[in-house]
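Summary of structural features
Okay, here's what each chain looks like letter by letter:
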Amino acid sequence: MDEAVISARDLQVADDRPPITMDVTEGLTLLIQGRESHATELSLVLGGRVRPRAGSVALGGETLGPRKLFKRVALAGAPEIDTLERATSAKETIREQIAWAQPWYKPTPKDPMSHALAEPWLEPLALDIDPKTAIGSLRVIDRIRVRVLCALIARPDADLLIVDDIDQLRAVDLRDELLRNLKAVAEKLPVIASSVNPDAYHIADTIIDLRER
């Protein structure tokens, strides 16, 4: 078995959910979860945004608490942390994220799409948009791509990217398209995507079906 990027041991994210034990390796991993199974809570726990009820999480073989996971895991797709302002342009959204991610003394770029924190991810994400466009006017898939981009900008030294609830894209073809984007990202950085739909098995490198646990 390949070395685990992130591991959970007897991890309980809600009182009415059984503990989870799993190992996630390199590439794109798809977590299949049941509806109403606290899937977002699992993403938040693995990303260090909330504390688990019980159990532990190890990243790179090192057991870490939420504070350290928070610094090393990029997280997108969870409305609790990355809902975008629909009236704000994509340019200003990305520009603001860069301003927060870099040292205070560095100037904020006029063209955020060419900035070193953003540009490497545009091609893998297939994010080809007019930056002047308001977030609310973007296609749904492009809004999610912007959220993923912002997560990667916020954690330039991340060990892992987690994308919660890809079922925000209700059309199967759009979910497949996003998963192909995430698989391209996974060539540079391991990715976990969470879904309640098992119809994208053919795209992910690894499937972990948590419905059976």
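Residues numbered from 1 in each chain as written. Predicted model: local features only at pLDDT ≥ 70, side-chain atom pairs only at ≥ 80, totals over all residues. Heavy atoms only, no water.

**Digging into the overall build of the protein chain**
Basically, it comes down to this: Secondary structure counts use DSSP, requiring at least four H or I residues in a row for a helix and at least two E residues in a row for a strand, with both numbered from the N terminus. Think of it in three bands: residues with accessible area under 20% of the maximum for their type are buried, residues over 50% are exposed, and the middle band is partly exposed, with areas taken using a 1.4 Å probe on protein chains only. Contacts between residues were defined by any pair of non-hydrogen atoms, one from each residue, lying within 4.5 Å.
The helix and strand tally for the protein chain stands at seven helices and nine strands. Its C-alpha atoms give the protein chain principal-axis dimensions of roughly 50 × 40 × 30 Å. In the protein chain, which comprises 213 residues, the share counted as buried stands at 52%. Taking all contacts inside the protein chain whose residues are at least 6 apart in sequence as the whole, residues at least 24 apart take part in 66%.

**Observations regarding the pairing of strand β7 (residues 160-163)**
For clarity, the threshold we go by: Paired strands, in this sense, are two strands between which DSSP finds at least two bridges.
The alternating pattern of β7 places L160 and I162 and L161 and V163 on opposite faces, both of which are buried. Relative to β7, strand β6 (residues 73-76) is paired through four bridges, and the arrangement is parallel. The residue bridging V73 from the neighbouring strand is L160, located in β7. Note that β7 and strand β8 (residues 191-195) share three bridges and pair parallel. Following the sheet pairing, I162 is matched in β8 by I192.

**Quick notes on the packing of helix α6 (residues 140-154) against helix α7 (residues 172-185)**
How we decide: Structural elements are reduced to axes, namely lines fitted to C-alpha atoms, with helices fitted over the stretch in contact, and the angle between N-to-C directions of any two is expressed from 0 to 180 degrees. For this classification, under 35 degrees means roughly parallel, over 145 means roughly antiparallel, 65 to 115 means roughly perpendicular, and everything else is oblique. In a left-handed crossing the near helix is turned counterclockwise from the far helix by less than a right angle, and in a right-handed crossing that turn is clockwise. Charged residues are taken to be Asp, Glu, Lys and Arg, nonpolar residues to be Ala, Val, Leu, Ile, Met, Phe, Trp, Tyr, Cys and Pro, and polar residues to be all remaining types, Gly included.
Packing of α6 against α7 brings their axes to within 11 Å, and their N-to-C directions diverge by 20°. Classed by the angle they form, the pair α6 and α7 counts as roughly parallel. As for the relative orientation of α6 and α7, their crossing is right-handed in sense. Residues I141, I144, R145, V148 and L152 of α6 pack against L174, E177, L178, N181, L182 and V185 of α7. Split into classes, the residues belonging to the contact of α6 with α7 amount to eight nonpolar, one polar and two charged.

**So, the nonpolar core**
Selection rule: In these notes, a set of buried Ala, Val, Leu, Ile, Met, Phe, Trp, Tyr and Cys residues joined through side-chain atoms within 4.5 Å is what counts as a nonpolar core.
Within the largest apolar cluster, 43 residues are counted, with the highest numbers of intra-cluster contacts made by L28, I94, V146, V148, L149, L161 and L182. For this core, the secondary structure elements donating two or more residues are β3 (28-32), β6, α4 (90-101), α5 (119-125), α6, β7, α7 and β8. Among residues more than four places away in sequence, those in contact with V146 are L84, T93, I94, L127, I129, I135 and L138. Within the second largest apolar cluster, 25 residues are counted, among which are L42, V45, L160 and I192.

**Digging into α7**
The following threshold applies: By this rule, a helix spans an expected 1.5 Å times one less than how many residues it contains.
Look at α7: 20 Å from first C-alpha to last across 14 residues, which is about the 20 Å you get at 1.5 Å a residue. On its buried side, α7 packs onto β3, α5, α6, β7 and β8.

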